[in-house]
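Reading the structure
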Amino acid sequence: AGPAGVSRADLSYPDPGVPASGSAHGPFLVVGAAKDDVGPARPSFRGRLDELHVWNRTRRGSEVVVDLARAVPPGSAGLVASYRFEEGLGTLVRDTSGGGS
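Everything quoted here is computed from the prediction, not taken from an experiment.

Conventions and cut-offs
Residues numbered from 1 in each chain as written. Predicted model: local features only at pLDDT ≥ 70, side-chain atom pairs only at ≥ 80, totals over all residues. Heavy atoms only, no water. Helix = DSSP H or I, 4+ residues; strand = E, 2+ residues; numbered from the N terminus. Contact = heavy atoms within 4.5 Å. Phe/Tyr/Trp six-rings, centres within 6.5 Å; stacked < 30°, edge-to-face > 60°. Lys NZ or Arg CZ within 6 Å of the ring centre and 35° of its normal. Buried < 20%, exposed > 50% of the residue type's maximum accessible area, 1.4 Å probe, protein only. Patch = residues over 30% accessible without salt bridge, like charges linked within 9 Å, V, L, I, M, F, W, Y side chains within 5 Å. Areas by Shrake-Rupley, 256 points an atom, 1.4 Å probe, with all protein chains shown as cover. Salt bridge = Lys/Arg side-chain N within 4 Å of Asp/Glu carboxyl O.

**Overview of the overall build of the chain**
Broken down by element type, the chain carries one helix and two strands. Starting at the N terminus and walking to the C terminus, you meet the elements of the chain as β-α-β. Restricting to contacts in the chain with at least 6 residues of sequence separation, those with at least 24 account for 37%.

Structure follows, in structure tokens:
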């Protein structure tokens, strides 16, 4: 257990958390783009993000579709982080995954 709102989940890249030797892209999580998206030839995502869920397992398409129309329940199998971005103002978001962070 750690401070409230601070995730202890291993979100490093690539699995199992050991960065590829010599990788210029480093062991960080990128949302909405590939790590090598740079410049007009490889444009990054341009839009808004409403929710972000991080899983430690591969999910079937049918599982993803079910979660499009509902709030993912805390404690769902394999859910390591869940950010709904409903805090209002400020610079912090709360992990609602139920993982104790």
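Moving on from the model shown.
**Quick notes on the packing of aromatic side chains**
Two measures describe an aromatic ring pair: the distance that separates the ring centres and the angle between the ring planes. What the rule picks out here adds up to zero aromatic pairs. A cation over a ring is seen here: Arg59 above Trp55, with NZ or CZ 3.8 Å from the ring centre.

**Brief notes about the side chain of Ser97**
The residue Ser97 is located in the segment after strand S2 (79–83) in this model. Classification of Ser97 as buried rests on a relative accessible area of 2%. When residues no more than four places from it in sequence are discounted, the contact partners of Ser97 are Pro74, Gly75, Leu79, Val80, Ala81 and Ser82.

**Side note on a nonpolar patch on the surface**
A cluster of nonpolar side chains, namely Val31, Leu49, Phe85 and Val93, defines an oily patch on the protein surface of about 310 Å² accessible area. Among the structural elements, Val93 can be located in the segment after S2. When its relative accessible area of 36% is taken as the criterion, Val93 is described as partly exposed.

**A short note on the pattern of salt bridges**
Per the stated rule, a full pass over the model turns up five salt bridges. Linking Glu63 and Arg57 is a salt bridge whose minimum nitrogen-to-oxygen distance equals 3.0 Å. Residue Arg57 is classed as partly exposed on the basis of its relative accessible area of 34%. Of the charged contacts, one joins Arg84 and Glu86 as a salt bridge, the two residues approaching to 3.2 Å between their closest N and O atoms. By relative accessible area, Arg84 is classed as partly exposed at 26%.

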